[in-house]
Amino acid sequence: MIIDDGILFRQAGEKDADTLVALYDRAAAWMRDNGIDQWKPGDKDADHFRARMRDGEVWLAGDADGRVIGAYELWWSDEEAWGVQPPVAGYVHRLMVEREAAPAGSGRRMLEHAERRIAGTGRERARLDCVSTNPRLLAYYQGAGYRVVGEFPNKEGKDGRVYGVILLEKRLDRLTVV
């Protein structure tokens, strides 16, 4: 367990899959209710999160009372959006915040935790993508130091829907490693 600015971080295990599904569904419902066409409740099941645990890392963020306040996935490659790349980056996905419980700034703390995890492997870049129709999220990531490095206009969802994503990255030269 890692304590970072009052947030407790731990890697998710098999037993956490249902918690992650519920967190995802609540975040997706919030997006839908706020006019953001991005995630859909029910799109990610327990098998999705278990697969991410096997292929990368899934991290839970909690408060001092043990309540989950957020989570994120950390992948070591993302060929679907970024193509074949040398191993110089980690890829942050599904940064989720429990809006009813998370203190202000929790999303940024989770993003910084992911960046330190990536830097700890010797990789020099954090990468992520966001749908091109979400300017608020793009501004959020840019405010966290990410810069636009490309666009993938024809990403296909598992439902067959085609959408565009903006590719962002941040250099991690000066981070303290976790």
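Values in this document were obtained by computation on a predicted structure and should not be read as measured data. (Residues numbered from 1 in each chain as written. Predicted model: local features only at pLDDT ≥ 70, side-chain atom pairs only at ≥ 80, totals over all residues. Heavy atoms only, no water.)

Things to note about unusual backbone geometry
So the rule is basically this: Each helix corresponds to a stretch of at least 4 residues labelled H or I by DSSP, and each strand to a stretch of at least 2 residues labelled E; elements are numbered beginning at the N terminus. When accessible area is computed with a 1.4 Å probe and restricted to protein chains, residues below 20% of their type maximum are described as buried, those above 50% as exposed, and intermediate ones as partly exposed.
Despite not being glycine, R94 shows a phi value in the positive range, around 50°. Take R94: it is sitting in strand β5 (residues 89-97). For R94, a relative accessible area of 14% puts it in the buried group.

Some points on the side chain of H93
Convention followed: A 3.5 Å cut-off defines polar contacts: any pair of N or O atoms within that distance qualifies, except that in protein one atom must be a possible hydrogen donor and the other a possible acceptor, and neighbouring residues in sequence count only when both atoms are side-chain atoms. Only heavy atoms matter for contacts: two residues are in contact if any of them lie within 4.5 Å across the pair.
Within the secondary structure, H93 sits in strand β5. Here D78 takes part through its side chain, which lies 3.0 Å from a polar atom of the side chain of H93. Those residues within four positions of H93 in sequence are excluded, and the remaining contacts are Y72, E73, W75, D78 and D129.

Remarks on the pattern of salt bridges
Applicable threshold: Just to be clear on terms, a salt bridge is a Lys or Arg side-chain nitrogen sitting within 4 Å of an Asp or Glu carboxyl oxygen.
This model, assessed by the stated rule, comprises 21 salt bridges. A salt bridge links D16 to K15; the shortest N-O distance between them is 3.6 Å. K15 gets classed as exposed once you look at its relative accessible area, which sits at 67%. The salt bridge partner of D55 is R52, with a shortest N-O separation of 3.2 Å. Within this pair, D55 and its partner R52 are both found in helix α2 (residues 46-55), separated by 3 residues, close to a single helical turn. Accessibility expressed as a relative area gives 18% for R52, which makes it buried.

A word on helix α1 (residues 17-33)
This is how the line gets drawn: Expected helix span is computed as 1.5 Å times (number of residues minus one).
Over its 17 residues, α1 runs 24 Å from end to end, which matches the ideal 24 Å to within 8%, given 1.5 Å per residue. Three or more residues of α1 are buried, namely A17, L20, V21, L23, Y24, A27, A28, A29 and M31. Considering only its buried residues, α1 is in contact with α2, β3 (57-62), β4 (68-75) and β5. Once α1 ends, the next one or two residues include G35, with phi positive near 75°.

Observations concerning the pairing of strand β8 (residues 162-171)
Keep this limit in mind: The pairing criterion is simple: DSSP has to find at least two bridges between the two strands.
Extensive coverage of β8 is indicated by the burial of 7 of its 10 residues. Two strands pair when backbone bridges link them, and strand β6 (residues 125-131) and β8 are joined in this way by 7 bridges, in the antiparallel orientation. Looking at the pairing, R127 lines up with E169 of β8. Counting the residues between successive antiparallel strands, the hairpin from strand β7 (residues 147-156) to β8 contains 5 residues, one of them, G160, with a positive phi of roughly 90°.

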